[in-house]
Amino acid sequence: MTRITFELDGKQVEAGAGETIWQVAKRHEREIPHLCYSPAPDYRPDGNCRACMVEIEGERVLAASCTRTPSVGMKVKTASARAVAAQKMVMELLVADQPARATSHDPDSKFWRWAEKVEVTESRFPAAERWAGDTSHPAMSVNLDACIQCGLCVRACREVQVNDVIIRWASPPASPAANACRPARPAP
């Protein structure tokens, strides 16, 4: 098995073939925020939420650690001032669009636990218009008021459970929930 040696927060570490920076960091007990990634079997990373941004020496832009695989000699900083500022900014932008924690459906959700860990539980940004619940399907009701549009639920349905119950609109529908996860329409 090919092993890749790189530097993670000043320490030489090894990654297996196909292993991401986030996975190596977790193995070495380094916490990197993540919302759209699930380490459970059969879930592929997408990097949609950008909460797991890390700094890679010599690169102009930060990288989503859940999708980025290391290369030999790479120097990764998970908690540099730049990486932490980006992680906090992502959370602040997402917090702005969440229902108040006290009235949310799950005040102890993964989202709110990460918001607490990165010390961003309030936002200075205005909230986007919230979506109304969708009760159009007789077997399923969807409330998207806490959705961060990361696609994890879509990947869970499509790739893990292989039932395609939830889809993502390819083009915005004529509703405030444009491009959001919605119940799949039954075939005609």
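Provided above is the structure to which this section pertains.
The rules behind the values
- Residues numbered from 1 in each chain as written.
- Predicted model: local features only at pLDDT ≥ 70, side-chain atom pairs only at ≥ 80, totals over all residues.
- Heavy atoms only, no water.
- Helix = DSSP H or I, 4+ residues; strand = E, 2+ residues; numbered from the N terminus.
- Buried < 20%, exposed > 50% of the residue type's maximum accessible area, 1.4 Å probe, protein only.
- Contact = heavy atoms within 4.5 Å.
- Areas by Shrake-Rupley, 256 points an atom, 1.4 Å probe, with all protein chains shown as cover.
- Pairing = 2+ DSSP bridges.
- Axes fitted to C-alpha atoms, helices over the stretch in contact; angles between N-to-C directions.
- Core = buried A, V, L, I, M, F, W, Y, C linked by side-chain atoms within 4.5 Å.
- Disulfide = S-S within 2.5 Å.
- Phe/Tyr/Trp six-rings, centres within 6.5 Å; stacked < 30°, edge-to-face > 60°.
- Lys NZ or Arg CZ within 6 Å of the ring centre and 35° of its normal.

Observations concerning the overall build of the protein chain
A tally of helices and strands in the protein chain yields four helices and nine strands. Along the protein chain, from the amino end to the carboxyl end, the secondary structure elements read β-β-α-β-β-β-α-α-β-β-α-β-β. Looking at the protein chain as a whole, 40% of its 188 residues are labelled buried. Partitioning the contacts of the protein chain with sequence separation of at least 6, the portion at a separation of at least 24 is 48%. Summed over its atoms, the accessible surface of the protein chain is roughly 10600 Å², and 53% of this surface lies on carbon and sulfur atoms.

Thoughts on the sheet that holds strand 5 (residues 75–77)
Sheet architecture is open: five strands sit in the order 2-1-5-3-4, paired in mixed fashion. Looking at which strands have only one partner, the edges of the open sheet turn out to be strand 2 (11–16) and strand 4 (63–64). When strand 3 (residues 53–56) meets strand 4, the two strands line up antiparallel, connected through two bridges. Residue Val54 lies in a different strand from strand 4, and its bridge partner there is Ala63. Across the sheet, helix 2 (residues 81–96) is in contact with strand 3 and strand 5; its angle to strand 3 comes to roughly 160°.

Points about the nonpolar core
Core analysis: the largest hydrophobic core is formed by 21 residues, its most contacted members being Phe6, Leu8, Ile21 and Val76. Taken together, the elements giving at least two residues each to this core come down to strand 1 (3–8), strand 2, helix 1 (21–27), strand 3 and strand 4. Membership of the second largest hydrophobic core comes to 16 residues, among which are Leu94, Val95, Val118 and Val120.

Quick look at the environment of Ser141
The topology assignment puts Ser141 in strand 7 (residues 140–142). If sequence neighbours within four positions are ignored, Ser141 has contacts with Asp134 and Thr135.

Here we look at the pairing of strand 2
Across six bridges, strand 1 lies against strand 2 in antiparallel orientation. Bridge assignment links Phe6 to a residue of strand 2, and that residue is Val13. Hairpin connection of strand 1 to strand 2: two residues between the antiparallel strands, including Asp9 at a positive phi of 55°.

Some words on the state of the cysteines
Within this structure, the stated rule accounts for zero disulfides. Distance from the sulfur of Cys36, which forms no disulfide, to the nearest cysteine sulfur (Cys49) is 3.7 Å.

Quick notes on the packing of aromatic side chains
All chains considered together, the criterion is met by two aromatic pairs. On the basis of an interplanar angle of 70° and a centroid distance of 4.7 Å, the ring pair of Trp22 and Tyr37 is categorised as edge-to-face. One end of the pair, Trp22, is in helix 1; the other, Tyr37, is in the loop between helix 1 and strand 3, with 15 residues separating them in the sequence. Assigned by exposure class, Trp22 and Tyr37 land together as buried. The aromatic ring of Trp114 is capped on one face by Lys117, whose charged end is 4.7 Å from the ring centroid.

Nothing here speaks to function; it is geometry throughout.
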